Amino acid sequence: MEDEVRRYLEKAAGGDGDDKLPPRLFESLVMSGLRLDLVEPGRIVCSMTVPPRLLNAGNFLHGGATATLVDVVGSAVMFTVGAPLTGVSVEINVSYLDAAFLDEEVEIEAKVLRVGKAVGVTSVEFRKKRSGKIIAQGRHTKYLAVPSKM
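In this text, all values refer to a predicted model and were calculated from it rather than measured experimentally. (Residues numbered from 1 in each chain as written. Predicted model: local features only at pLDDT ≥ 70, side-chain atom pairs only at ≥ 80, totals over all residues. Heavy atoms only, no water.)

### Observations regarding the overall build of the chain
Secondary structure summary: the chain contains three helices and six strands in total. The secondary structure elements of the chain, listed N-terminal to C-terminal, are α-α-β-β-α-β-β-β-β. Across the 150 residues of the chain, 33% fall into the buried class. Intrachain contacts of the chain at a sequence separation of at least 6 include 64% that bridge at least 24 residues. Here the chain displays about 9,500 Å² of accessible surface, and carbon together with sulfur accounts for 56% of that area. (Helix = DSSP H or I, 4+ residues; strand = E, 2+ residues; numbered from the N terminus. Buried < 20%, exposed > 50% of the residue type's maximum accessible area, 1.4 Å probe, protein only. Contact = heavy atoms within 4.5 Å. Areas by Shrake-Rupley, 256 points an atom, 1.4 Å probe, with all protein chains shown as cover.)

Now the structure itself:
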């Protein structure tokens, strides 16, 4: 059983476990091709065409890629309300409602729900650009590091 798990994970990783890949590869793998369409206070809208590299075994957008986009796009929207930094994730929640397939245009809208002194909360919604149908909804909570008074 352990060997099956190991083979599956190594196959998914595409290698033998040797980390010879460039730093921050994961974010660039997911974010490459993301377009920033709109920026306004408390809201950003991005779009992307689903590429082959982000498909899962069912040939639709991988849930891990969706969660990564909730993380990164949900963090970026905090800058639109004057947050000096995006902090660290405390919680990420994603509800998967439909699938996005190869070459499908997806719109990603992130909104600030609250940015306080120590905590920021954003929502991120994924829609099929053509129909407007919701693919996924995410919520991202972050701890915003409070500067020490020492």
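### Observations concerning the nonpolar core
Most often, soluble globular proteins keep nonpolar side chains buried together rather than apart. By size, the foremost hydrophobic cluster in this structure holds 23 residues, and its most contacted members are L69, V73, V106, I108 and F126. At the level of secondary structure, the elements contributing two or more residues to this core comprise helix 2 (25-31), strand 2 (43-49), helix 3 (63-76), strand 4 (105-115), strand 5 (119-128) and strand 6 (134-143). (Core = buried A, V, L, I, M, F, W, Y, C linked by side-chain atoms within 4.5 Å.)

### A look at the pattern of salt bridges
The full count for this structure, using the stated rule, is 11 salt bridges. Between R43 and E40 there is a salt bridge, and its shortest N-O distance comes to 3.1 Å. Here R43 falls in the partly exposed class, since its relative accessible area comes to 24%. Put simply, E125 and R127 hold a salt bridge, and the shortest N to O gap is 2.6 Å. With a relative accessible area of 13%, R127 lands in the buried category. Through salt bridges with shared partners, a single ionic network connects E40, R43, E107, E109, K111, E125 and R127. (Salt bridge = Lys/Arg side-chain N within 4 Å of Asp/Glu carboxyl O.)

### Observations regarding the pairing of strand 2
For strand 2, the tally of buried residues reaches five of seven residues, placing the bulk of the element in the interior. The pairing of strand 1 (residues 35-40) with strand 2 spans five bridges and is classified as antiparallel. Its bridge partner being in strand 2, V39 is matched across the sheet by I44. Linkage of strand 1 to strand 2, two consecutive antiparallel strands, is achieved through a turn of two residues, within which G42 is found at a positive phi near 85 degrees. (Pairing = 2+ DSSP bridges.)

### Describing helix 3
If you check helix 3, its first and last C-alpha atoms are 20 Å apart, about what 14 residues at 1.5 Å a residue would give, namely 20 Å. Those residues of helix 3 lying buried are A65, T66, T68, L69, V70, V73, G74 and S75. Lining the buried residues of helix 3 we find helix 2, strand 2, strand 3 (88-96), strand 4, strand 5 and strand 6. (Expected span 1.5 Å × (residues − 1).)

### As for the sheet that holds strand 3
Across the sheet, which stays open at both edges, the six strands sit in the order 1-2-4-5-6-3 with antiparallel pairing between neighbours. Edge positions in the sheet fall to strand 1 and strand 3, since each has one partner strand and no second. Sheet twist, expressed as the average angle between the axes of neighbouring strands with direction ignored, equals 15 degrees. (Axes fitted to C-alpha atoms, helices over the stretch in contact; angles between N-to-C directions.)

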